[in-house]
Amino acid sequence: MSDLYEKLAARLGPKGFATKADALAPHLVEWRGRYSGHTPFLAMPSSTEEVADVVRMCAAAGAAITPQGGNTGLVGGQIPDGEVLLSMKRMNRIRSVDPLDDALIAEAGVVLTSVQDAAAQAGRLFPLSLASQGSATIGGLLSTNAGGVHVVRYGMMRDLVLGVEAVLADGRILEGLKTLRKDNTGYDLKQLFIGAEGTLGIITAASLKLFPRPAEHLVAVCAVESPDHALKLLHRAKAGTGALAAFELMNRMSVDVTVKNVAGMRDPFQGAPFLTLLEFESAAPSGLRAAVEGVLAEGISAGDAQDAVIAENETQARAFWALRENISAGHRPEGAQVNHDISVPVSAVPRFLASGESAIAAACPGARIVAFGHMGDGNIHYSVMQPLGADPAAFPGDALSDLVNRIAVDLGGSISAEHGIGVSRRDDFARFKDPQAIAVMRALKTALDPNRVMNPRALI
Ligand SMILES: Cc1cc2nc3c(=O)[nH]c(=O)nc-3n(C[C@H](O)[C@H](O)[C@H](O)COP(=O)(O)OP(=O)(O)OC[C@H]3O[C@@H](n4cnc5c(N)ncnc54)[C@H](O)[C@@H]3O)c2cc1C
């Protein structure tokens, strides 16, 4: 072991580091197997001071650091390629829960479900919800500015934060764990670290916003003829109930491949061109069902929806969500494909889908499109799959990807709505992001991390 690793090991103690292959292995591969890497040293600090010392020692030795939370990221930014790997998993304490301030302070390694549970025990809600919530950590969720299914009501991780404690690239600790709702004393520094993918510092803890627990919630699925109809239904459901918490779109192909490839999936409206999944929640203990039934009935009479079904119980609600949440697993076995996580203004989702369909048909006849996701936020997960039976090697994935990204950007959209840039989207980032924005980001990176200690291969 080199001098640096010996010093790190001495500082962290036997529980705080690993160098043996079997202990490193789970940290070096991303769950789909798309990214794998290597590291000479896995640091597992258990306090902010230990994180600060690790960073200071690495910076002094000129060693770069890759931070890692739950290793559920989808763009490869958490997988090291020779850097020191800094796992935040042992920083897993909830420091405080304060229902009167509607605030909770959690360390960066706390898993999202533990935050949700702690909020529930205090009679409150932490509303972020996504399929990886049993593994994704607060530090990772902040660093990727995670979204998930309730953004339409509560916003993204960025909107759910009151303060951040972070270790800077030279080892200084930035204390920012306030629980203030209002604080106009200059730049909002916590926001610098949110969505920064570990490139500006290590998030060690955060104060998070809590909300009232809904007394009632309902899930419905509707059959709709087109994305234009879905858009009308979205606004009808929002305005008519004031209780819309999720609005998800699934095209026919996304449902078909999921029912085909994932055991136990059921299609509630066979043949419908599109399905929308709606979740409603209300703080009032009664009246939600009547309001939702009213809005959906109006939607059907107006032609926004062809048909609708409201889940009768939690089991049925879960089955509706399972169909939506298994779409990624559903399309993965379908051969060569390119996947996107684009966003456009909500009103432009129908135009994006129509332009995408005609451009893909012209460029690669027979290519199949899986389009699904958080339509309520203008965020569509858009996969183009090879024609059935075609040679995967002949699939023009990169060219199709450029088409999809270009359509999104031309509609005022983004090439990455919620997954981030990491290592896998860096080329697209350079090609499609406004050069002035990239220049400002570079200036920030240089100011805060001139020696590129922090996750140097990710983002910028
Ligand atoms: C099944 C599944 C469903 C998903 N659904 C969604 C979804 O709906 N919406 C969504 O937004 N994402 C989704 N994701 C992506 C993923 O869960 C999120 O990106 C999540 O925020 C990553 O958290 P993590 O703790 O696993 O971070 P990691 O994967 O470990 O790291 C992610 C990035 O953050 C950096 N990082 C981690 N911890 C810290 C820290 N403490 N300080 C500084 N940098 C840090 C890493 O270096 C890396 O760049 C999904 C993933 C899976 C597997």
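Residues numbered from 1 in each chain as written. Predicted model: local features only at pLDDT ≥ 70, side-chain atom pairs only at ≥ 80, totals over all residues. Heavy atoms only, no water.

Trainee: Is there a simple way to explain the overall build of the protein in this structure?
Mentor: Of the regular secondary structure elements, the protein holds 16 helices and 18 strands. The C-alpha atoms of the protein give 23 Å as radius of gyration, which agrees with the globular expectation for 460 residues (23 Å, within 12%). Taken along its principal axes, the extent of the C-alpha atoms in the protein is 70 × 60 × 45 Å. For the protein, the residues scored as buried account for 53% of the 460 residues in total. For the protein, the share of sequence-separated contacts (at least 6 apart) that also reach a separation of at least 24 residues comes to 72%. Summing over all exposed atoms, the protein offers an accessible surface of approximately 19100 Å²; the carbon and sulfur share of this is 53%. Averaging the coordinates of the 42 positive side-chain charges in the protein and doing the same for the 49 negative ones gives two points 3 Å apart. (Helix = DSSP H or I, 4+ residues; strand = E, 2+ residues; numbered from the N terminus. Rg over C-alpha atoms; globule rule 2.2 N^0.38 Å. Buried < 20%, exposed > 50% of the residue type's maximum accessible area, 1.4 Å probe, protein only. Contact = heavy atoms within 4.5 Å. Areas by Shrake-Rupley, 256 points an atom, 1.4 Å probe, with all protein chains shown as cover. Lys, Arg positive; Asp, Glu negative; His and termini not counted. Charge placed at Lys NZ, Arg CZ, Asp CG, Glu CD.)

Trainee: Mind showing me how you'd approach the environment of Cys222 here?
Mentor: Locating Cys222 in the fold gives a position in strand β12 (residues 216–224). Residues Cys222 and Ala305, spaced 83 residues apart in sequence, show a C-alpha to C-alpha distance of 6.3 Å. When residues no more than four places from it in sequence are discounted, the contact partners of Cys222 are Leu233, Phe269, Phe274, Leu275, Thr276, Leu278, Leu296, Ala305, Asp307 and Ala308.

Trainee: How should the packing of aromatic side chains be read in this particular structure?
Mentor: Each pair of aromatic rings is reported with the distance of its centres and the angle of its planes. Scanning all chains against the criterion turns up four aromatic pairs. A ring pair is formed by Tyr154 and Phe211, whose centres lie 5.0 Å apart and whose planes are at 70°; its orientation type is edge-to-face. Placement of the pair is Tyr154 in helix α6 (residues 151–154) and Phe211 in strand β11 (residues 211–212), with a sequence separation of 57 residues. Take Tyr154 and Phe211: they sit in the same class, and that class is buried. Each residue in the set Tyr5, Phe17 and Phe41 is aromatic and connected to the rest through ring pairs, giving one cluster. (Phe/Tyr/Trp six-rings, centres within 6.5 Å; stacked < 30°, edge-to-face > 60°.)

Trainee: I tried to follow the pairing of strand β17 (residues 368–373) on my own but got confused; where do I start?
Mentor: Working note: regular strand, side chains alternate between the two faces of the sheet. Among the six residues of β17, six are classified as buried, and the element is accordingly described as predominantly covered. Burial along β17 is two-sided: the face carrying Arg368, Val370 and Phe372 and the face carrying Ile369, Ala371 and Gly373 are both buried. Note that strand β13 (residues 244–251) and β17 share two bridges and pair antiparallel. Following the sheet pairing, Leu249 is matched in β17 by Gly373. The sheet contact formed by β17 and strand β18 (residues 379–385) spans five bridges and is antiparallel. (Pairing = 2+ DSSP bridges.)

Trainee: In this structure, what is going on with unusual backbone geometry? I would like to understand it.
Mentor: Most of the time, phi is negative for any residue but glycine, and the peptide bond is trans. Unusually for a residue other than glycine, Asn71 sits at a positive phi of about 60°. Take Asn71: it is sitting in the loop between β3 (65–68) and β4 (84–87). Using a relative accessible area of 13% as the deciding quantity, one classes Asn71 as buried.

Trainee: Any chance you could explain the sheet that holds strand β2 (residues 42–43) here in plain terms?
Mentor: Paired through backbone hydrogen bonds, the strands of a sheet run either parallel or antiparallel to each other. Pairing within the open sheet is mixed, and its four strands lie in the order β1-β2-β4-β3. Each of the sheet's edge strands pairs with one partner strand only, and the pair in question is β1 (17–18) and β3. As paired elements, β1 and β2 share two bridges and run antiparallel to each other. Bridging from a neighbouring strand, Phe17 pairs with Ala43 of β2. Together, β2, β3 and β4 form the strand contacts of helix α3 (residues 48–61), whose direction differs from that of β4 by roughly 170°. (Axes fitted to C-alpha atoms, helices over the stretch in contact; angles between N-to-C directions.)

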